[in-house]
6 protein chains.
Amino acid sequence: MPELVTFGETPLRLSPPGKERLETADSMALDADGTESNAAVTAQLLGVDSTWVSKLPDSPLGRRIVAELESHGLETDITWADSTEYRQGLVFHESGHPPRESMRWHDRKGSATATAKPGDLPMDRIQTADIAFTGLSTPALSRDAAETTKAMLRAAHGSGVTTAIDIDYQAGLADPAFLKDVLLELFEHLEVLVANEERIRTVLDRSGKPRELANSVAAEYDLKTVVITRSKRGAVALQDTPGTNVIHERETVETEAVDDAGQHGAFSGGFLARLADDGDLSAALSYGVAAATLARTVPGPLLTAERSEVDRIADDVIQASR
Amino acid sequence: MPELVTFGETPLRLSPPGKERLETADSMALDADGTESNAAVTAQLLGVDSTWVSKLPDSPLGRRIVAELESHGLETDITWADSTEYRQGLVFHESGHPPRESMRWHDRKGSATATAKPGDLPMDRIQTADIAFTGLSTPALSRDAAETTKAMLRAAHGSGVTTAIDIDYQAGLADPAFLKDVLLELFEHLEVLVANEERIRTVLDRSGKPRELANSVAAEYDLKTVVITRSKRGAVALQDTPGTNVIHERETVETEAVDDAGQHGAFSGGFLARLADDGDLSAALSYGVAAATLARTVPGPLLTAERSEVDRIADDVIQASR
Amino acid sequence: MPELVTFGETPLRLSPPGKERLETADSMALDADGTESNAAVTAQLLGVDSTWVSKLPDSPLGRRIVAELESHGLETDITWADSTEYRQGLVFHESGHPPRESMRWHDRKGSATATAKPGDLPMDRIQTADIAFTGLSTPALSRDAAETTKAMLRAAHGSGVTTAIDIDYQAGLADPAFLKDVLLELFEHLEVLVANEERIRTVLDRSGKPRELANSVAAEYDLKTVVITRSKRGAVALQDTPGTNVIHERETVETEAVDDAGQHGAFSGGFLARLADDGDLSAALSYGVAAATLARTVPGPLLTAERSEVDRIADDVIQASR
Amino acid sequence: MPELVTFGETPLRLSPPGKERLETADSMALDADGTESNAAVTAQLLGVDSTWVSKLPDSPLGRRIVAELESHGLETDITWADSTEYRQGLVFHESGHPPRESMRWHDRKGSATATAKPGDLPMDRIQTADIAFTGLSTPALSRDAAETTKAMLRAAHGSGVTTAIDIDYQAGLADPAFLKDVLLELFEHLEVLVANEERIRTVLDRSGKPRELANSVAAEYDLKTVVITRSKRGAVALQDTPGTNVIHERETVETEAVDDAGQHGAFSGGFLARLADDGDLSAALSYGVAAATLARTVPGPLLTAERSEVDRIADDVIQASR
Amino acid sequence: MPELVTFGETPLRLSPPGKERLETADSMALDADGTESNAAVTAQLLGVDSTWVSKLPDSPLGRRIVAELESHGLETDITWADSTEYRQGLVFHESGHPPRESMRWHDRKGSATATAKPGDLPMDRIQTADIAFTGLSTPALSRDAAETTKAMLRAAHGSGVTTAIDIDYQAGLADPAFLKDVLLELFEHLEVLVANEERIRTVLDRSGKPRELANSVAAEYDLKTVVITRSKRGAVALQDTPGTNVIHERETVETEAVDDAGQHGAFSGGFLARLADDGDLSAALSYGVAAATLARTVPGPLLTAERSEVDRIADDVIQASR
Amino acid sequence: MPELVTFGETPLRLSPPGKERLETADSMALDADGTESNAAVTAQLLGVDSTWVSKLPDSPLGRRIVAELESHGLETDITWADSTEYRQGLVFHESGHPPRESMRWHDRKGSATATAKPGDLPMDRIQTADIAFTGLSTPALSRDAAETTKAMLRAAHGSGVTTAIDIDYQAGLADPAFLKDVLLELFEHLEVLVANEERIRTVLDRSGKPRELANSVAAEYDLKTVVITRSKRGAVALQDTPGTNVIHERETVETEAVDDAGQHGAFSGGFLARLADDGDLSAALSYGVAAATLARTVPGPLLTAERSEVDRIADDVIQASR
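Treat the numbers as computed from the prediction; the structure is a model and nothing was measured.

Here we come to the relation of the copies chain E and chain A. Once chain E is rotated about the relating axis by 180 degrees and shifted along it by 0.0 Å, it coincides with chain A to within an RMSD of 0.0 Å. Taken together, the turn and the small shift mark the pair as related by a two-fold rotation axis. The rotation axis passes nearest to the C-alpha of Met-28 of chain E in chain E, at a distance of 2.7 Å. Same-surface contact between copies: 100% of interface residues of chain E are shared with the interface of chain A.

Here we take up helix α8 (residues 263–278) of chain E. Residue and element names in this part refer to chain E. With 16 residues, α8 extends 23 Å from end C-alpha to end C-alpha; this agrees with the ideal 22 Å at 1.5 Å per step. Of all 16 residues that make up α8, twelve are buried, and the element is covered over most of its length. Among all positions in α8, only His-264, Gly-265, Ala-266, Phe-267, Ser-268, Gly-269, Gly-270, Phe-271, Leu-272, Ala-273, Arg-274 and Leu-275 are buried. Of the residues one or two after α8, Gly-279 is the one with positive phi, at around 75 degrees.

Between chain E and chain A, the contact holds 21 residues from the first and 21 residues from the second. The junction of chain E with chain A conceals about 2000 Å² of combined surface from both sides, 58% of it contributed by carbon and sulfur atoms. Counting the surface chain E buries against chain A, the share from its top three residues, Glu-23, Met-28 and Pro-60 of chain E, is 26%. When the shortest N-O distance is used, the salt bridge between Asp-107 of chain A and Arg-87 of chain E registers 2.7 Å.

Attention now moves to the packing of aromatic side chains. Under the counting rule described, the total for this entry stands at twelve aromatic pairs over all chains. Taken together, a centroid distance of 6.3 Å and an interplanar angle of 10 degrees make the contact between Phe-267 of chain B and Phe-271 of chain B stacked. Taken as a pair, Phe-267 of chain B and Phe-271 of chain B lie in helix α8 (residues 263–278) at a separation of four residues, close to a single helical turn. Phe-271 of chain B carries the same exposure label as Phe-267 of chain B, and that label is buried. Here the aromatic rings of Phe-187 of chain C and Tyr-221 of chain C are separated by 4.3 Å at their centres, their planes lie at 15 degrees, and the arrangement is stacked. Linking Phe-187 of chain C in helix α5 (residues 176–187) with Tyr-221 of chain C in helix α7 (residues 210–221), this pair joins segments that are 34 residues apart in sequence. The same class applies to Phe-187 of chain C and to Tyr-221 of chain C, which are both buried. One cation-aromatic arrangement involves Lys-55 of chain B over Tyr-86 of chain B; the distance from NZ or CZ to the ring centre is 5.3 Å.

Quick look at the sheet that holds strand β9 (residues 162–166) of chain A now. Residue and element names in this part refer to chain A. An order of β5-β4-β1-β8-β9-β10-β11-β12-β13 is seen for the nine strands of this open sheet, with the pairing classed as mixed. Each edge of the open sheet carries a strand with a single partner, namely β5 (75–81) and β13 (244–250). Sheet twist, expressed as the mean angle between neighbouring strand axes with direction ignored, is 15 degrees. The pairing of β9 with strand β10 (residues 192–196) spans three bridges and is classified as parallel. Note on β10: the bridge partner recorded for Ala-164 is Val-192. In the packing of helix α1 (residues 35–45) onto the sheet, the strands contacted are β1 (3–7), β4 (49–57), β8 (131–135) and β9, and the crossing angle to β1 comes to about 165 degrees. The strands touched by helix α8 (residues 263–278) within the sheet are β8, β9, β10, β11 (225–229) and β12 (235–241), with β10 carrying the most contacts at an inclination of about 150 degrees.

Regular strands place their side chains on alternate faces of the sheet. Residue and element names in this part refer to chain E. Most of strand β8 (residues 131–135) sits inside the fold, with five of its five residues counted as buried. Residues Ile-131, Phe-133 and Gly-135 point to one face of β8 and Ala-132 and Thr-134 to the other, with burial holding for every one of them. One ladder, built from three bridges, connects strand β1 (residues 3–7) with β8; its direction is parallel. From the neighbouring strand, Val-5 faces β8, where its bridge partner is Ala-132. Following the chain from β8 across helix α4 (residues 143–158) to the adjacent parallel strand β9 (residues 162–166), one finds a crossover that is right-handed.

Looking now at the pattern of salt bridges. All names here are of chain E. Scanning all chains against the criterion turns up 180 salt bridges over all chains. In this structure, Arg-13 and Asp-31 form a salt bridge, with 3.5 Å as the shortest nitrogen-oxygen distance. Remark: Asp-31 occurs in strand β3 (residues 27–32) and Arg-13 occurs in strand β2 (residues 12–15); sequence separation between them is 18 residues. This pair shows no difference in class: Arg-13 is buried, exactly as Asp-31 is.

This brings us to unusual backbone geometry. The omega torsion across Pro-98 of chain B and Pro-99 of chain B is 0 degrees, close enough to zero to call that bond cis. Residue position: Pro-99 of chain B is located in the loop between β6 (90–94) and β7 (103–107). Positive phi values are uncommon outside glycine, yet Asp-222 of chain E reaches one of about 60 degrees. You can see Asp-222 of chain E is positioned in the loop between α7 (210–221) and β11 (225–229). Asp-222 of chain E sits in the exposed class, given a relative accessible area of 61%. Its identity is not glycine, yet Ser-231 of chain E carries a phi of approximately 50 degrees, on the positive side. Along the chain, Ser-231 of chain E falls in the loop between β11 and β12 (235–241).

Attention now moves to the environment of Arg-143 of chain A. All names here are of chain A. Mapped onto the secondary structure, Arg-143 falls in helix α4 (residues 143–158). Residue class for Arg-143 comes out partly exposed when judged on its relative accessible area of 39%. Sequence separation between Arg-143 and Ala-114 is 29 residues; the distance between their C-alpha atoms is 8.2 Å. Non-local contacts of Arg-143, meaning those with residues more than four positions away in its chain, are made with Phe-178 and Glu-185. In terms of polar contacts, Arg-143 uses its side chain to reach the side chain of Glu-147, at 2.9 Å.

What follows covers the interface of chain D and chain B. In this complex, chain D contributes six residues to the contact, which on the side of chain B involves six residues. Roughly 480 Å² is buried in total at the junction of chain D and chain B, and carbon and sulfur atoms are behind 44% of that figure. Taken as a group, Glu-70, Ser-71 and Glu-306 of chain D account for 62% of the area that chain D buries against chain B, more than any other trio of residues on that side. Applying the counting rule to chain D against chain B returns two salt bridges. In this structure, Glu-306 of chain D engages Arg-63 of chain B in a salt bridge whose closest nitrogen and oxygen atoms are separated by 3.2 Å.

Residue and element names in this part refer to chain D. Read from one edge to the other, the open sheet built from nine strands follows the order β5-β4-β1-β8-β9-β10-β11-β12-β13, with strand pairing classed as mixed. Looking at the sheet topology across the chains shown, the edges are occupied by β5 (75–81) and β13 (244–250). Along the sheet, successive strands turn relative to each other by an average axial angle of 15 degrees, direction set aside. Two strands pair when backbone bridges link them, and strand β1 (residues 3–7) and strand β4 (residues 49–57) are joined in this way by five bridges, in the parallel orientation. Opposite Phe-7, over in β4, you have Val-53 as the bridge partner. Each of β10 (192–196) and β11 (225–229) touches helix α6 (residues 197–204); the most contacted strand, β10, lies at about 105 degrees to it. Packed on one face of the sheet, helix α8 (residues 263–278) meets β8 (131–135), β9 (162–166), β10, β11 and β12 (235–241) and runs near 150 degrees to β10.

Residue and element names in this part refer to chain A. With respect to the element layout, Leu-12 can be found in strand β2 (residues 12–15). The exposure class assigned to Leu-12 is buried, which follows from its relative accessible area of 0%. Taking the C-alpha atoms as reference points, Leu-12 and Gly-300, separated by 288 residues in sequence, lie 11 Å from one another. Those residues in contact with Leu-12 that lie beyond four places of it in its chain are Leu-30, Asp-31, Leu-61, Arg-64, Ile-65, Gln-88, Gly-89, Leu-90 and Val-91.

Let us look at the relation of the copies chain D and chain B. Both copies of the chain are related through a single rotation about an axis accompanied by a shift along the same axis. Mapping chain D onto chain B calls for a rotation angle of 180 degrees and an axial translation of 0.0 Å; the resulting RMSD is 0.0 Å. When the interface residues of chain D are mapped onto chain B, 100% of them again fall at the interface, so both copies present the same face.

Residues at a pLDDT of 70 or more form 100% of chain A, whose mean pLDDT is 94. Among the scores for the predicted complex, ipTM is 0.94 and pTM is 0.95.

Our focus in this paragraph is the pairing of strand β10 (residues 192–196) of chain C. Residues and elements named next belong to chain C. With five of five residues buried, β10 lies mostly within the body of the structure. Note on the crossover from strand β9 (residues 162–166) through α5 to β10: the handedness is right-handed. When β10 meets strand β11 (residues 225–229), the two strands line up parallel, connected through five bridges. Pairing of Asn-196 across the sheet is with Thr-229, part of β11.

Rules and cut-offs
The residue count restarts for each chain, going from 1 along the sequence in the order it is written. Chain labels run from A onward and ligand labels from 1 onward, assigned in the order the entries are written. Restriction of local features to residues with pLDDT of at least 70 applies here, the model being predicted, together with a cutoff of 80 or more for giving and counting side-chain atom pairs; totals for whole chains, interfaces and linings are based on all residues. As a rule here, side-chain values come from all non-hydrogen atoms in the structure, and water together with hydrogens is ignored. Copies overlap after least-squares fitting; the atoms used are the C-alpha atoms of residues with pLDDT of at least 70 in both. Only heavy atoms matter for contacts: two residues are in contact if any of them lie within 4.5 Å across the pair. The way it works is that DSSP assigns letters per residue, a run of H or I at least four long becomes a helix, a run of E at least two long becomes a strand, and they are numbered from the N terminus. The span you would expect from a helix comes to 1.5 Å times its residue count less one. Whether a residue is buried, partly exposed or exposed follows from its accessible area with a 1.4 Å probe, protein chains only, as a fraction of its type maximum: under 20%, in between, or over 50%, in that order. Summed over both partners, the accessible surface that disappears when two parts come together, traced with a 1.4 Å probe, is what is meant by buried area. Salt bridges are defined as contacts in which a side-chain nitrogen from Lys or Arg sits within 4 Å of a carboxyl oxygen from Asp or Glu. When the centres of two rings from Phe, Tyr and Trp lie within 6.5 Å, Trp using its six-membered ring, the rings pair. Their planes under 30 degrees apart give stacked, over 60 give edge-to-face, and anything left gives tilted. Cation placement over rings: the criterion is NZ of Lys or CZ of Arg within 6 Å of the ring centroid and within 35° of the ring normal. For two strands to pair, DSSP has to find at least two bridges joining them. Helix axes are fitted only over the stretch in contact, all axes being lines through C-alpha atoms; the angle between N-to-C directions runs from 0 to 180 degrees. Seen with the strands pointing away from the viewer, any crossover whose path from the first strand over the helix to the second strand runs clockwise is right-handed. Two N or O atoms form a polar contact when they lie within 3.5 Å of each other; inside protein one atom must be a possible hydrogen donor and the other a possible acceptor, and for residues adjacent in sequence the pair counts only when both atoms belong to side chains. Within a predicted model, pLDDT stands for the predictor's per-residue confidence, ranging from 0 to 100.

Okay, structure coming up:
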């Protein structure tokens, strides 16, 4: 069984019921909502031995995050921080309804994860995994978090572990200039990049169609694999092999979302899990799309599914793309 | 006022809220959900004097089934079984969201209805009704249930009561071979068959378009009326009259379902209620479609409506099919 | 900051959860739901200093209406009536699902507002506002309410305040003949008329396309501005200026409603707020459509939004109509 | 099986969740809550064949009342009134918490039951029952309701049916002077009186200890049986037999209430059901206390219980009173 | 009508339903929960013209605080801060059940109120009020908040406004040494001190019985009025008048709490409102106890009540203390 | 860290909200509720490395049980059974309110655990633990379950593992005669017995006061430790040492239960966890009482707490018993 280690912040998501607005809400639902733990949960259900690594406050809210993730069968490896000093990161999420947009307010300043130091991570565990994964939102939290993420990718990369990142940038989380600087620092240790087309354009300040984007980003930053997701318009994956580049495209299965949170983490988890299996990029892309699709049909950010459901939709995705 | 008697199991449906998955649910809603009682409730609201006949455990769950049905104005005639010996049949239902499918897990082994003997039924009541109805899911429960259903249809048929069945087969409920055997035994006493096109093909192992299906099934099993429902593609009804067969077709009113459970029972109830009125097959088909359509717009398996609402939609169905 | 005063009844809306039917509901949600207070809340969030004037029973239900409206930043000016004599008006609302229609049952007989006398209104406040607004449902309540509404419009009109009405007629609320009589009496003091095309046809017993309707109604009743809303087909506004009439049309932004209640009040509020700004009829029409669209995306009759959200959608409406 | 017929209004109770106040409530639970139907439901579960007779609007709210009562196995015999003319009676109920008191706001003016005429009642059914029962709150609704109640008791009494009333007076429902007049008119046809000690003192303007009250009321108004309930202090029953009066007393089983609504109806139902059995006043008093006690442990006004539970608590009551 | 101005932070309280633990909660209820706004809401319902002054982030959460308070009829005067810089203060609250204790986790670092500067306050409004009030938890937030609170009390005191503080200290909110320093700085401008006996002992590091405490604190810090609350053991008020000190004592009305949050703010609001009326310390003490008692019977921190309810309980308190 | 392995069935508990009755419930909450997993969860939070061993159907319901337990940090070792053959055991639980009793209906026939064979258990894991624990309800399920439980205790006992059982018998679960037979078979391999005084009397058909019971049971069945719990009257523990028996007694901390389910499992978990620490029987008894007490204050059968909370209450228990 391949092994995946992911590192990142999992904020506690607070969201009003249904389509209610935050401003008039009387209650909020709670969910663990982090790209890296979402990806790990999805990979776990696809048969990958997945561990989520993080730093959390030793408080009921911090323990709640771990409890929810472990209920999905995920293993966790946590550095517990003094809860009188460090906060649990929060994100307030309001579900939109067209033309009203979904909105997120990040309340993550001073969170425990933002203060993580390289010494807080179980580097031996990371160096013996098959894949190490993080999202850009984690190094975006603070200078400390950026250094720690870099140390983690460097350690993994140096040990022959496949390194991957998801550009899970969200408006209001960090200054775009800082984000670009951080990403450029990380590229040295990265092999796989997963990114929504709009986010990659924003962060790297580029234009171009998805195929061009994938090609130019892979070339400039010497990445082995670049995956561009396009929301309703499918996804593109490029493998940079000596001599020639291979490109795969997939359509999206059309579906109105029950809850659109967490789908990008599910994409990365599905993609990496299948990639870890036998390195088949085409199949991996289908599993990324399938996992993201299924994640949209389930309330909450985390994907709950049987493996056979992902298999079936991945097959449909492959059929539809022929 | 015409009289309808229906016999069958009404399991208690347990379903998580909204689109939640069973595996992560913290609570479940409860509903009485049986084809035969659903049909009776619909027929009752259309002015037919309807009675539901069954065997239930004398427990809070069994009594809850009766309470919910009686709140819809239905009369019930129950044989109460010792609740330390016999269970209340259960069905766990998870509402899907495309491309994720709705799922049902039947937990009906050892249910009180599965042990019903012919002597448990009020045969005099059945023999003085105008129509006697059951669903195939009931005789599918057990050999006992199959014998009891046969005895009920035989008694009704022998007394000149119109006999009808709905092929409400669901995956996981019973072995298809057993289902076919049971159905073949019942045909001797049956006049009206209502079936979804896919289910009739599965159970009787046939192919063909709906009109062909209706014709060949009516001919081979000597049925007077065969109704084939086609989900979003409408419904077809065939009346086998000496010399010639009359066929009617109806379009479905397009509507996304609030809750798709119970619609087939509502179809049978609407169809039989109108048929009992004056035997007009064309009108009956419209009422079947209208009742099923309306049932899809109401949460829970049972149809709650005013008669005028069914009338209005049946008119629309007739208009749309001209 | 321009000032708006609205007068009318705000019944307490009681509605079952989701798509449940009243007949089987075990609980109901509560919302303040009156055209005049809805319009005032919308105008308030668009920067108009808005006051809602009414008569309510001095009971928990009456105070609850005021509490909900004041939580939206609205000012209120209430005549409190003896709660042992006068009721809080109620309306039971059932949300439909096509082809099942939404339904409303008015339970407003003997309500405090229905007994309002001219002396109950703060006429000085009304006479110093920029716009005075009411809905036809209020004078439709009773002869007293009709007299009081007329007195309010007369006082406003006589003091140079712009007077406006929304034909918010609903089936079951009042006799159509009485409605027409009441409306005809009010026309003398009215400048702006907002009406759904079907309602204006019903109440004034007219036919014709929206542009013709607007022209003929404006001409016959000497109105300065007539706005015809057309549900999914947009809206039309006519300004009757000496020599020539100006007509503007807008498309609707397509959206399935989360809750379709309250959208007409939001339309009037958005329209009047923008009109009060600089008298630009074209912009006002866009803001009416934008506010109504946004109101449909929010649960409950009252619009909760940031001003920037209305601005953005109004821009889209203008773009789409070019 | 003895037969009980009860006549009266069953308002729809609307109550905020838990200990919330009406003034700040966002939702309300719905329950059928009438003394006469409560009594009939309790008598039904104790083996008495019970029918509730009333006049209701033919609206979803009116039908909801019947649906809830029939789900408890009660038979109903309803005169359906035009729902555009007549209202469903409502009562808003707020659950207190000491020292804050529970409160009820009656919104029953113009209700269908308040307009019931003698001709609306199924007199033949009433005249063939064993017991006919009503509460004072029903004739208190209006002059019409008072006349109809009198006609009902007269018809029953004249046919040898035992007639009974519960003084279920509540503040704010009617003028005390009117209540006394109504009650005095009814005494002519009454045999059994059930009353809380404070209410009987208020309505008949009397003082005295329970035993004295029972004696003097029985003597003055020529009643056969007088039962005085004393909330936490138990109950007293007097049987006026020629030559001597028999008096029984019972302690109450101490219990904090889950929901204190409906307990008086349950008392009357339990008392009359046991009385109908064999006329044993002492046993009847125990069953009244037991049913009221149990009703306090169940949410909602209606008692849901197995007969064996009432039997067990009635035994405890008898033991405790020895 | 006397005027009260209160200044302080109102954090948003997030609390799991019922007795659930934070660690396993799936949702949380939201409530505005600040001593100063609680006090103002209570004073408002007792007829004092009350305004709450604060600094909040211009975000949905900040606006939600104001909306909830204004729904209670409170006037607010807010300095709106940039929501990308400043947070809404939060407090997580878990309701205990003996012997498990209620717990609060403050998440208020970096809140908008903590950064309030003297220039953010409407000093003219404060200087023209009758009473100015704050809680110790507000200056405890930060050095800025402490300076601003001092400036507010100095301005009020200098203008002849009665100044009052509630020692609403809670474990985990601030360092006790810092609290004492802050309080000592404020004493110069304070006239009225309200404090729970345990908190005053902790903050001022004193021992002694309530009467002694009140005497010694009043003497040492030159306070005009000192009120010591003692939870279930009642309350003591001392008035330091030239020549002699007057002391009043009150018993508490025993009641299990529905929600014990907010009662201390209600006490201060009730006490100050009555004091503002005619300066009768004895009556004021009764109203403080009554308001706190009533606040315990209502869910949520804010007191919803009719004035007559407070009057009635205050009377009971007076009776019980004679 | 000591290791605990527990084996047993964890049925899914379905319970109506609050004090509602099953018969009228519209929804039910779901909870994992088994003595052995409850004990393991409690021991885990007290620092014991705990594993729960069982056989479950590979269905959403079976996986839900594991998910809930793993969210409490428990390790699980499950034999997954074919879900078309084997059911998930269910228990319906209705919370009483005095004098109405709480009730449980077991629906566990044909459950996966009831078919467990010795080969389904991870015997090596059991043989290397420090303590092996089960409840009597598990072997009571079936002859298969009894054999498997015996095999498990024999294997543990033979390897020097401390073996323990809780007599968690409940009415309606099994025939008392069968229970006694099963228990007698198990005694050969048992060292520690935990039992409620009434249950031990029923199962072993004995009388006597707790101390006598403990003595006679320990002597007759050669048990090393016997713990008798007495609900509100505390608990007694006896250690059978050569020459003399040591007996400890503890008072219970009085508390009304939020949810009384699961407290016995928490007792066993607390008792065994502390016993595993250093064998101090007196301390172990205090921890059993403390864990049970705390479990009663938390909704649901599983104890959620911080270790420090159990420590604090255990201290109180020790103080109270001196």
